[in-house]
Amino acid sequence: GAGVSQSPSNKVTEKGKDVELRCDPISGHTALYWYRQSLGQGLEFLIYFQGNSAPDKSGLPSDRFSAERTGGSVSTLTIQRTQQEDSAVYLCASSLAPQETQYFGPGTRLLVL
Amino acid sequence: DQQVKQNSPSLSVQEGRISILNCDYTNSMFDYFLWYKKYPAEGPTFLISISSIKDKNEDGRFTVFLNKSAKHLSLHIVPSQPGDSAVYFCAASVYIYGQNFVFGPGTRLSVLP
């Protein structure tokens, strides 16, 4: 498809388990972003990639969160030892360049029991 | 401390009338602003943007106004349609930094038929 895709669309996990979320950006988009939206909250910036490098990791809430991007395309966001407060919708967006409009994927709904 | 504020969590408007969504920011370095619309279970979609060199930008039924001295922007939707019912997010950035968009908490608009 032409848009940003994310998988899985929904993930239910037990507290303490690791989860991996995937984002496929729009082809040719060099910038990729991860956001989190908790219930009733706005969008919280997590991390930004320009190509395969992450110049801005300032939003990662703890060292349990990590992300990587390979081949300038697909990105994975990994949450280790999940906690209940990690439950949220994780949104990925991509843009042609950092200053350009961001196009969002549908999100992954994570529920940590 | 929220850098981008949307003080109305919700707004109800009659179909055909004007919807006005407000956004305030605190960082005077912000010079690029966007509005996104989000339907349930979907990622946000870009609506309209404005840079600080302008005070108005119009696209069909949507107009964004920027008052730099007041650090305030607003989105006007005229005429409002039931399909406009969604959550609207205001976002701001320092354009040369590009990637670090700061989102407001959102305003839920309900357009009543």
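Anything mentioned here points back to the structure above.
Residues numbered from 1 in each chain as written. Chains lettered and ligands numbered in written order. Predicted model: local features only at pLDDT ≥ 70, side-chain atom pairs only at ≥ 80, totals over all residues. Heavy atoms only, no water.

**With respect to the interface of chain A and chain B**
Part 1 of the reasoning: Taken together, the contacts link 19 residues of chain A with 18 residues of chain B.
Part 2 of the reasoning: Here chain A packs against chain B, burying approximately 1500 Å² in sum over the two surfaces, 58% of which is carbon and sulfur.
Part 3 of the reasoning: Summed over the shared surface of chain A and chain B, the result is 0 salt bridges.
Part 4 of the reasoning: Linking chain A with chain B are 2 residue pairs in polar contact (both at pLDDT 80 or more), by the criterion used here.
Part 5 of the reasoning: Contributing elements (two or more residues each) for the side of chain A that touches chain B: β4 (31–37) and β5 (43–50) of chain A. (Contact = heavy atoms within 4.5 Å. Buried area = accessible area lost by both parts, 1.4 Å probe. Salt bridge = Lys/Arg side-chain N within 4 Å of Asp/Glu carboxyl O. Polar contact = N/O pair within 3.5 Å; in protein donor to acceptor, adjacent residues only side chain to side chain. Helix = DSSP H or I, 4+ residues; strand = E, 2+ residues; numbered from the N terminus.)

**Focus on the pattern of salt bridges**
Residues and elements named next belong to chain A.
Part 1 of the reasoning: What the rule picks out here adds up to 5 salt bridges over all chains.
Part 2 of the reasoning: Residues R36 and E44 are paired through a salt bridge, measuring 3.1 Å at the closest nitrogen-oxygen approach.
Part 3 of the reasoning: Accessibility expressed as a relative area gives 10% for R36, which makes it buried.
Part 4 of the reasoning: Given the relative accessible area of 30%, E44 is considered partly exposed.
Part 5 of the reasoning: Its salt-bridge partner being D86, residue R64 comes within 2.8 Å of it at the nearest N-O pair. (Buried < 20%, exposed > 50% of the residue type's maximum accessible area, 1.4 Å probe, protein only.)

**What about the state of the cysteines?**
All names here are of chain B.
Part 1 of the reasoning: Applying the stated rule across the entire model yields 2 disulfides over all chains.
Part 2 of the reasoning: The disulfide that involves C23 links it to C90, with 2.0 Å between the sulfurs. Linking C23 and C90, the disulfide has an S-S dihedral of approximately -70° and is accordingly described as left-handed. Here C23, found in strand β3 (residues 19–25), pairs with C90, found in strand β9 (residues 86–93); they are 67 residues apart in sequence, far enough to count as distant.
Part 3 of the reasoning: With relative accessibility at 0%, the residue C23 sits in the buried group.
Part 4 of the reasoning: For C90, a relative accessible area of 0% gives the class buried. (Disulfide = S-S within 2.5 Å.)

**A few points about the side chain of Q102 of chain A**
All names here are of chain A.
Part 1 of the reasoning: Within the secondary structure layout, Q102 lies in the loop between β9 (88–95) and β10 (103–104).
Part 2 of the reasoning: Its relative accessible area of 1% is what places Q102 among the buried residues.
Part 3 of the reasoning: At 2.8 Å, the side chain of Q102 and the side chain of Y35 are in polar contact.

**What about the environment of F33 of chain B?**
Residues and elements named next belong to chain B.
Part 1 of the reasoning: Considering the arrangement of structural elements, one finds F33 in strand β4 (residues 32–38).
Part 2 of the reasoning: A sequence separation of 18 residues divides F33 from S51, and the C-alpha atoms of the two residues are 6.2 Å apart.
Part 3 of the reasoning: Non-local contacts of F33, meaning those with residues more than four positions away in its chain, are made with Y25, I48, S49, I50, L66, L73, A91 and A92.

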